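An overview of the molecular structure
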Amino acid sequence: QVHLVESGGGLVQAGESLRLSCRLSGGTFSSYSVGWFRRPPGKDSEFVSAVTSSGLVIDYGDSVKGRSTLSRDVPKNTVYLQMNNLTPEDTAVYYCAADEFAHPVKLRLESSYDYWGQGTQVTVSS
């Protein structure tokens, strides 16, 4: 069974940066595409970024373009989301998700993923 564990969230001030981590276990890491989503308080989930099983970063959501970078460390079975210049609008629970068979063009959609982590809270103060 594939498991995903997020870490790296916390309370930061506006303008600061965070690097979130998503570690996959229970499967062959290089076989999975991994995506990041976030859910702000009282709002629907939104797409952040995704990387294919071959290591290609597919896209970034409009709200984080120019401020975020997705990367992988295959030997550590870990995907990183670096977020810079954080604002209070970035406050959300951030989730990573993985799927072995999803087509790359569908990775912006939550329904494409079979496995989800429990999330890590990011809170940005004014």
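Located above this text is the structure these notes cover.
Below, the structure is looked at part by part. Residue positions are given per chain, counting from 1 as you read along its sequence in written order. Only residues with pLDDT of 70 or above have their local features reported here, since the model is predicted, and side-chain atom pairs are shown and tallied only from 80 upward, although totals for entire chains, interfaces and linings are computed over all residues. To get the side-chain values, take all heavy atoms of the structure and skip hydrogens and water.

Considering the environment of Asp 44
A run of H or I in DSSP counts as a helix once it spans at least four residues, and a run of E counts as a strand once it spans at least two, with each numbered from the N terminus. Here Asp 44 lies in the loop between strand E4 (33-39) and strand E5 (46-51). Sequence separation of Asp 44 and Tyr 60 is 16 residues, and the distance between their C-alpha atoms is 17 Å.

Section: the sheet that holds strand E7 (residues 68-73)
The 4 strands are arranged E1-E3-E8-E7 in an open sheet whose pairing can be described as antiparallel. The open sheet is flanked by strand E1 (3-7) and E7, the only strands paired with a single partner. Across the sheet, the mean angle separating the axes of adjacent strands is 15° when strand polarity is ignored. For E7 and strand E8 (residues 78-83), the ladder comprises 6 bridges, and the chain directions are antiparallel. Counted as the bridge partner of Asp 73 is Thr 78 from E8. Strands pair, by our definition, only if DSSP identifies at least two bridges between them. The convention used is that axes are lines fitted to C-alpha atoms, helices contributing only their stretch in contact, and that angles between N-to-C directions extend from 0 to 180 degrees.

Let's talk about the pairing of E1
Burial along E1 is one-sided: the face carrying Leu 4 and Glu 6 is buried and the face carrying His 3, Val 5 and Ser 7 is not. Two strands pair when backbone bridges link them, and E1 and strand E3 (residues 18-25) are joined in this way by 5 bridges, in the antiparallel orientation. Looking at E3, one finds that Leu 4 is bridged to Leu 24. Summary of the burial criterion: residues with accessible area below 20% of their type's maximum are buried, those above 50% are exposed, and those between are partly exposed, where the area comes from a 1.4 Å probe applied to protein chains only.

Description of unusual backbone geometry
Positioned with a positive phi, Asn 77 is a non-glycine residue whose angle comes to about 55°. Mapped onto the elements of the fold, Asn 77 is located in the loop between E7 and E8. Despite not being glycine, Asn 85 has its phi angle at roughly 50°, a positive value. Considering the arrangement of structural elements, one finds Asn 85 in the loop between E8 and strand E9 (92-99).

Some remarks on the nonpolar core
The term nonpolar core refers to a set of buried residues drawn from Ala, Val, Leu, Ile, Met, Phe, Trp, Tyr and Cys, joined through side-chain atoms within 4.5 Å. Counting 26 residues, the largest nonpolar core has Leu 24, Trp 36, Leu 70, Val 79, Leu 81 and Tyr 94 as the members making the most contacts within it. Of all the secondary structure elements, the ones that give two or more residues to this core are E3, E4, E5, E8, E9 and strand E11 (120-125). Within the second largest apolar cluster, 7 residues are counted, among which are Phe 47, Ala 50, Ala 97 and Tyr 113.

Honestly, that's just the spatial picture; any functional story needs more than this.
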